[in-house]
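# Structural overview for review
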Amino acid sequence: MAKKDKSEYIIQAVDHALDLLEQFHDDVDELGVTELSKRLKLHKNNVFRLLATLESRGYIEQNKVTENYRLGLKTLELGQTFIRQMGLLRQSRPILEWLVNQCNETAYVAILKDQSIVYLDVVETDLTVRVVPRVGSRLPAYCTAAGKVQIAWMNDEELDSFFPQRDLKALTPNTITDREILRKHLREVVEQGYAVDNEELDIGVRCVGAPIRDYTRRIIGAVSLSGPSMRFTDERLDKELIPLVKKAADEISMKLGFHR
């Protein structure tokens, strides 16, 4: 008996439901039934039934104010399960713990997603004054240490594609918003092998980050330390924190098969 192609087993309703979920991407936060019907080329009644099913399971939720729909918490739970299973987190967790043990500051592992970074994992300091962990949050790449070390190796064409034409938003007086100044700054990041967020995202907070590479030599993430500016002095950065974060990034990279 001939073996059937897997495409013959596709369940159309499930296929449509996944198509619906995939409409929520990039800057698309919410969509209404009419817009989804147009995008999916399905009757509104069919779209509504799909939405009702997904909403009942927590994959979709309705904004009661706009009556539009958006992704539900269940999608985040699935994403976090995937993240936990990634080799990056499996290899980096012990090194994050070592890093915090060395300096008692909060350590993160982050990846680049679109124009933002997403913190995947964190090990916190036990000091009373600390930075609030932002695991799962999206933060601008251009004003975070973990973001800058991941975009610094892009060429000019890649950077032009990476950043939209709109102006870079100033989140603090220290945020670099001029593109040419940012390019020059990123070249310095490449030369030194690390980046510092000098209160560019939040006043009173400084961070230092270094890139994580895999066996293909590609940058796939970053490890960073974050803390109050009063503890992240220039002297401490130079003598202690920068060498530690670079060592941690190198250790994770080697575990992922990277060799200089």
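Residues numbered from 1 in each chain as written. Predicted model: local features only at pLDDT ≥ 70, side-chain atom pairs only at ≥ 80, totals over all residues. Heavy atoms only, no water.

### Looking at the overall build of the protein chain
Rules: Helix numbering and strand numbering both begin at the N terminus, where a helix is a DSSP run of H or I of at least 4 residues and a strand a DSSP run of E of at least 2. Burial here depends on accessible area, computed with a 1.4 Å probe over protein chains only, as a share of the maximum for the residue type. Under 20% is buried, over 50% is exposed, and the range in between is partly exposed. Residue exposure ignores everything except the shown protein chains as possible cover, and the areas themselves are Shrake-Rupley values with a 1.4 Å probe. All tallies of charge rest on Lys and Arg as positive and Asp and Glu as negative; His and the ends of each chain are not included. Positions of charges follow a simple convention, taking NZ of Lys, CZ of Arg, CG of Asp or CD of Glu.
Within the protein chain one finds nine helices and eight strands. Its C-alpha atoms put the protein chain at 65 × 50 × 40 Å along the principal axes. Here the protein chain, with 260 residues, has 43% of them falling under the buried criterion. As presented, the protein chain carries roughly 15,100 Å² of accessible surface, and 50% of it is formed by carbon and sulfur atoms. In the protein chain, the 37 positive side-chain charges and the 40 negative ones have mean positions that sit 4 Å from each other.

### So, the nonpolar core
Heads up, the condition is: Remark: nonpolar core denotes a set of buried residues (Ala, Val, Leu, Ile, Met, Phe, Trp, Tyr, Cys) joined through side-chain atoms within 4.5 Å.
In this structure, Val-208, Val-223, Leu-225 and Ile-252 are the most contacted members of the largest nonpolar core, which totals 29 residues. Taken together, the elements giving at least two residues each to this core come down to helix 5 (87-103), strand 3 (106-113), strand 4 (116-123), strand 7 (205-213), strand 8 (219-228) and helix 9 (234-255). Among the elements that line this core, the one with the most residues is helix 9, at eight residues. If you look at the next biggest cluster of nonpolar residues, it comprises 28 residues, including Ala-110, Leu-139, Tyr-142 and Ala-195.

### As for the packing of aromatic side chains
Definition in use: Centres within 6.5 Å make a pair out of two Phe, Tyr or Trp rings, where for Trp the six-membered ring is used; the pair is then stacked when the planes are under 30 degrees apart, edge-to-face when over 60, and tilted otherwise. Criterion for a charge above a ring: Lys NZ or Arg CZ within 6 Å of the ring centre, and within 35 degrees of the ring normal.
Enumeration according to the criterion identifies one aromatic pair in this entry. Ring plane angle 35 degrees and centroid distance 4.3 Å describe the contact between Tyr-108 and Tyr-119, whose orientation is recorded as tilted. Taken together, the positions of Tyr-108 in strand 3 and Tyr-119 in strand 4 put the pair 11 residues apart, joining distant regions of the chain. The two residues Tyr-108 and Tyr-119 agree in class, both being buried. It is Arg-213 that lies over the ring of Trp-153; its NZ or CZ is 5.1 Å from the centre.

### Let's talk about the packing of helix 1 (residues 12-21) against helix 3 (residues 44-56)
For any two helices packed against each other, the geometry is given by the interaxial angle and the distance between the axes. Applicable threshold: In this analysis an axis means a line fitted to C-alpha atoms, helices contributing only their contacting stretch, and an angle means the value between N-to-C directions, from 0 to 180 degrees. If an angle is under 35 degrees, it is roughly parallel; if it is over 145, roughly antiparallel; if it lies from 65 to 115, roughly perpendicular; otherwise it is oblique. A contact between two residues is defined here by any heavy atoms of the two lying within 4.5 Å. Residues are grouped as follows: nonpolar covers Ala, Val, Leu, Ile, Met, Phe, Trp, Tyr, Cys and Pro; charged covers Asp, Glu, Lys and Arg; every other residue, Gly included, is treated as polar.
With their axes 10 Å apart at the nearest point, helix 1 and helix 3 run at an angle of 80 degrees to one another. Judged by the inter-axis angle, helix 1 sits roughly perpendicular to helix 3. Across the interface between the two elements, Ala-13, His-16, Ala-17, Leu-20 and Leu-21 from helix 1 touch Val-47, Leu-50, Leu-51 and Leu-54 from helix 3. Taken together, the residues that form the contact of helix 1 with helix 3 break down as eight nonpolar, one polar and no charged.

### Focus on the environment of Ala-17
Inspection of the secondary structure puts Ala-17 in helix 1. The class of Ala-17 is buried, set by a relative accessible area of 14%. For Ala-17, the residues in contact, after removing those within four places along its chain, are Leu-50 and Leu-54.

### So, the sheet that holds strand 8
Our working rule: Paired strands are those between which DSSP finds at least two bridges.
Pairing is antiparallel across the open sheet formed by six strands, whose spatial order is 5-4-3-8-7-6. Bordering the open sheet on either side are strand 5 (138-140) and strand 6 (195-198), each of which pairs with just one other strand. On average, each strand axis in the sheet is tilted by 35 degrees relative to the strand beside it, whichever way the strands run. In the sheet, strand 6 pairs with strand 7 via four bridges, with the strands oriented antiparallel. Within strand 7, the residue paired with Asn-198 across the bridge is Arg-206. Most of the contacts of helix 5 go to strand 4, to which it runs at about 65 degrees, and overall it touches strand 3, strand 4, strand 7 and strand 8.

### Points about the domain arrangement of the protein chain
Using the following cut-off: Each domain's extent is set by a domain assignment, obtained either automatically or from a database.
We note that the domain assignment places domain 1 (8-82) and domain 2 (87-256) within the protein chain. Distance from the C-alpha centre of domain 1 to the C-alpha centre of domain 2: 33 Å.

### Things to note about the side chain of Thr-144
Here Thr-144 shows up in the loop between strand 5 and helix 6 (145-151). Residues contacting Thr-144, with those up to four places away along its chain left out, are Ile-117, Leu-139, Asp-197 and Leu-201.

### What about the side chain of Ser-226?
With respect to the helices, strands and loops of the structure, Ser-226 is situated in strand 8. For Ser-226, the contacting residues outside a window of four places in its chain are Glu-105, Thr-106, Tyr-108, Val-131, Val-205, Arg-206, Cys-207 and Phe-232.

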